[in-house]
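Summary of structural features
Here are the chains, one letter per residue:
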Amino acid sequence: QSPASMATDFTLSDLNGNVIRLSSLRGKPVLLNFWATWCGPCVAEMPGMQQLHQEAGDQVHFVCVNLRESQTIISGFLGGKGYNWTFLMDPSGDVARVYEISAIPTTIVISSEGHLKARHVGSMNHAAMRAFLEDGLR
């Protein structure tokens, strides 16, 4: 079995203007999700992702990268929904290109050491997402 390749590092801003670097999250696994507010399947999987986030506690970083939408649109969409994980903005789509995102939602598991472990294209319910995350961390 070949060693997993390293996740390409990137730096993006969150909705409050804080700059987050992927490599700064090492030490815990990362569930990296690419999405947009106009994407029905993306929106449909968020309640399950919130449930998984609550179950995982502080053991896993949850990071959603929004594709090419403004902070105003994203914040307006998220307002009042109670999703309390990290949302980053990829206004140019550069990070999505680096990760070869051809359809959304796409979810990637990155190990605590920064290796790409698993990739899933399409929406997942809570149970599927939990199994995907657990499989990706084996």
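Below you will find a few notes about this structure.

Calculation notes
- Residue numbers here run from 1 along each chain, matching the order of that chain's written sequence.
- Reporting of local features is limited, given that this is a predicted model, to residues whose pLDDT is at least 70; pairs of side-chain atoms are given and counted only at 80 or more, and all residues count toward the totals for whole chains, interfaces and linings.
- With hydrogens and water excluded, all non-hydrogen atoms of the structure serve as input to the side-chain values.
- Two aromatic rings from Phe, Tyr or Trp, using only the six-membered ring of Trp, form a pair when their centres are within 6.5 Å; if the ring planes differ by under 30 degrees the pair is stacked, by over 60 it is edge-to-face, and anything between is tilted.
- Each helix corresponds to a stretch of at least 4 residues labelled H or I by DSSP, and each strand to a stretch of at least 2 residues labelled E; elements are numbered beginning at the N terminus.
- Relative accessibility thresholds used throughout: buried, under 20% of the residue-type maximum; exposed, over 50%; partly exposed, between the two (1.4 Å probe, protein chains only).
- Charge-over-ring contacts are defined here by two conditions on Lys NZ or Arg CZ: a distance within 6 Å of the ring centre and an angle within 35 degrees of the ring normal.
- Angular values range over 0 to 180 degrees, each being the angle between N-to-C directions of two axes fitted as lines to C-alpha atoms, with helices fitted over their stretch in contact.
- Roughly parallel covers angles under 35 degrees, roughly antiparallel covers those over 145, roughly perpendicular covers 65 to 115, and oblique covers all other angles.
- Two helices cross in a left-handed way if the nearer one is turned anticlockwise from the farther one by less than a right angle. They cross in a right-handed way if the turn is clockwise.
- The criterion used for residue contact is that any of the two residues' heavy atoms lie within 4.5 Å.
- Any residue that is not Ala, Val, Leu, Ile, Met, Phe, Trp, Tyr, Cys, Pro, Asp, Glu, Lys or Arg is counted as polar, Gly included; the first ten are nonpolar and the last four charged.
- Strand pairing is assigned whenever DSSP identifies at least 2 bridges connecting the two strands.
- What the arc covers is the set of directions going from the helix axis to the C-beta atoms.

Overall, the coordinates contain 6 aromatic pairs when judged by the stated rule. For the ring pair W35 and F87, a centre distance of 5.7 Å and an interplane angle of 70 degrees mean the geometry is edge-to-face. Highlighted residues: W35 in strand 3 (residues 30-35) and F87 in strand 5 (residues 86-90), separated in sequence by 52 residues. Summarising the burial analysis for this pair, W35 and F87 share the class buried. Put simply, the rings of W35, F77, Y83, W85 and F87 pair up and form one aromatic cluster. One Lys or Arg, K81, reaches over the ring of F77 and ends 4.2 Å from the middle of that ring.

The subject of this paragraph is the packing of helix 1 (residues 40-56) against helix 4 (residues 126-136). Taken N-terminus to C-terminus, the directions of helix 1 and helix 4 make an angle of 50 degrees; their axes are 8 Å apart at the nearest point. Here helix 1 lies oblique to helix 4, going by the angle between them. Crossing angle aside, the handedness with which helix 1 passes helix 4 is right-handed. Residues E45, G48, M49, Q51, L52 and E55 of helix 1 form the contact with helix 4, whose own contacting residues are H126, M129, R130 and L133. Of the residues that constitute the contact of helix 1 with helix 4, the class distribution is 4 nonpolar, 3 polar and 3 charged.

Turning our eyes to something else, we now look at the sheet that holds strand 1 (residues 11-14). Here 7 strands make up an open sheet; going across it, the order is 2-1-5-4-3-6-7 and the pairing mixed. The sheet is open, and its two edges are formed by strand 2 (19-21) and strand 7 (116-121), each paired on a single side. Adjacent strand axes in the sheet meet at a mean angle of 30 degrees, parallel and antiparallel pairs treated alike.

Given 3.6 residues per helical turn, the α-helix brings residues three or four places apart onto the same face. Within the sequence span of helix 4, burial applies to H126, M129, F132, L133 and G136. The arc that holds the buried residues of helix 4, viewed along the axis, is 130 degrees, so those residues lie on one side.

Any functional reading would require information that these geometric values do not contain.
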